[in-house]
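Descriptive structure summary
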Amino acid sequence: MDKFPAKITVKQHMGILAEIKDKLDDWELNLFRRSCFGHFLDLELEWLERGKTGKRNTFAGQLVHFLLLRRMRTSKKKEMWFLVEGKPARFSLIEFAMLTGLHCSAIPKISTEQSLHLKNRLRDLYFEGRSQIKQDDLVRGFQSMFNEGEGSGKKKKAAKRGQEREDRVKVTLVYFLEGVLLSADAKKNISDFYLSMVDDLAMFNAYPWGSEVYDPTFDSLSSKTLIAKYKERLAKPQEKQVLGVNETYTLLGFPFSFQVSC
């Protein structure tokens, strides 16, 4: 599989961190920093945005592809083993927790009492009560909260309850979760559960987001797409294989954590 060229695309947008630092004021940044995602603010944004060469540091797709081609077959579930220069290497929830600093305990079942406690206030106030909110809607909603003159009526209602600045941070947390950690397709609906739970910051911060994010990350890295494309390429007669033409596949979740582990 070493001679199987491919290009990896990702949906995650690490630039969201720079956007958060730019838009949140000091009080809001402090509240975000005290959240379960606050430590991500310590990432070196200058390195993420522009490296020593002057070029933007994008996802190292070729490095990740190189490692994925060396995956070993094992009976282990929810962990990946690789053979690199004759030595085994593992990527599992343990490494993911160490690399991301996220809580990775078992995902709890939300009780009926907790479900009744969750409200749709943020959805109703900032997203016009839509039953379905797509990634693009979340981006626009996030940006409009910081643009003067947009949604002024909504802001006044929130201000009366002393919630405007806290609401900005709450929506920002979901924006970061969806755009950086889960990085799903832009046309996909965001979870109404996330937008409701973030209104209770104590519950949101205690939730095992590491486990929530690891699953789609692992499933994406373990996707059968890569193997299927490889087998399809092998099935073609040598003369029909076009040299210089790479296959393409997309990684979801938080593949940046896998890149760092390489």
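Residues numbered from 1 in each chain as written. Predicted model: local features only at pLDDT ≥ 70, side-chain atom pairs only at ≥ 80, totals over all residues. Heavy atoms only, no water.

Within helix α4 (residues 61-68), burial applies to G61, V64, H65, L67 and L68. Projection of α4 onto a plane perpendicular to its axis shows the buried side chains occupying an angular sector of 165°, all on one side. (Buried < 20%, exposed > 50% of the residue type's maximum accessible area, 1.4 Å probe, protein only. Helix = DSSP H or I, 4+ residues; strand = E, 2+ residues; numbered from the N terminus. Arc of directions from axis to C-beta.)

On to the side chain of T172. By secondary structure assignment, the location of T172 is in helix α10 (residues 164-182). One polar contact links the side chain of T172 to the main-chain carbonyl oxygen of R168, over a distance of 2.6 Å. (Polar contact = N/O pair within 3.5 Å; in protein donor to acceptor, adjacent residues only side chain to side chain.)

Moving on to the confidence of the model for the protein. Any segment with low pLDDT has predicted coordinates that should not be analysed in fine detail. In this model, the protein carries a mean pLDDT of 80, and residues with pLDDT of at least 70 account for 76%. Across the protein, helix α2 (residues 26-33) holds the top mean pLDDT of 95, while helix α9 (residues 152-160) sits lowest at 52. Contacts for the low-pLDDT stretch residues 50-56, under 50 throughout, to residues beyond four places or in other chains number 7 contacts. (pLDDT = per-residue confidence, 0-100. Contact = heavy atoms within 4.5 Å.)

Attention now goes to the environment of S211. Within the secondary structure, S211 sits in helix α13 (residues 209-221). When its relative accessible area of 8% is taken as the criterion, S211 is described as buried. Put simply, S211 and L102 are 109 residues apart on the chain and 8.2 Å apart in space, counted from C-alpha to C-alpha. With near-sequence residues (within four places) excluded, S211 lies in contact with L93, H103, C104, S105 and I107.

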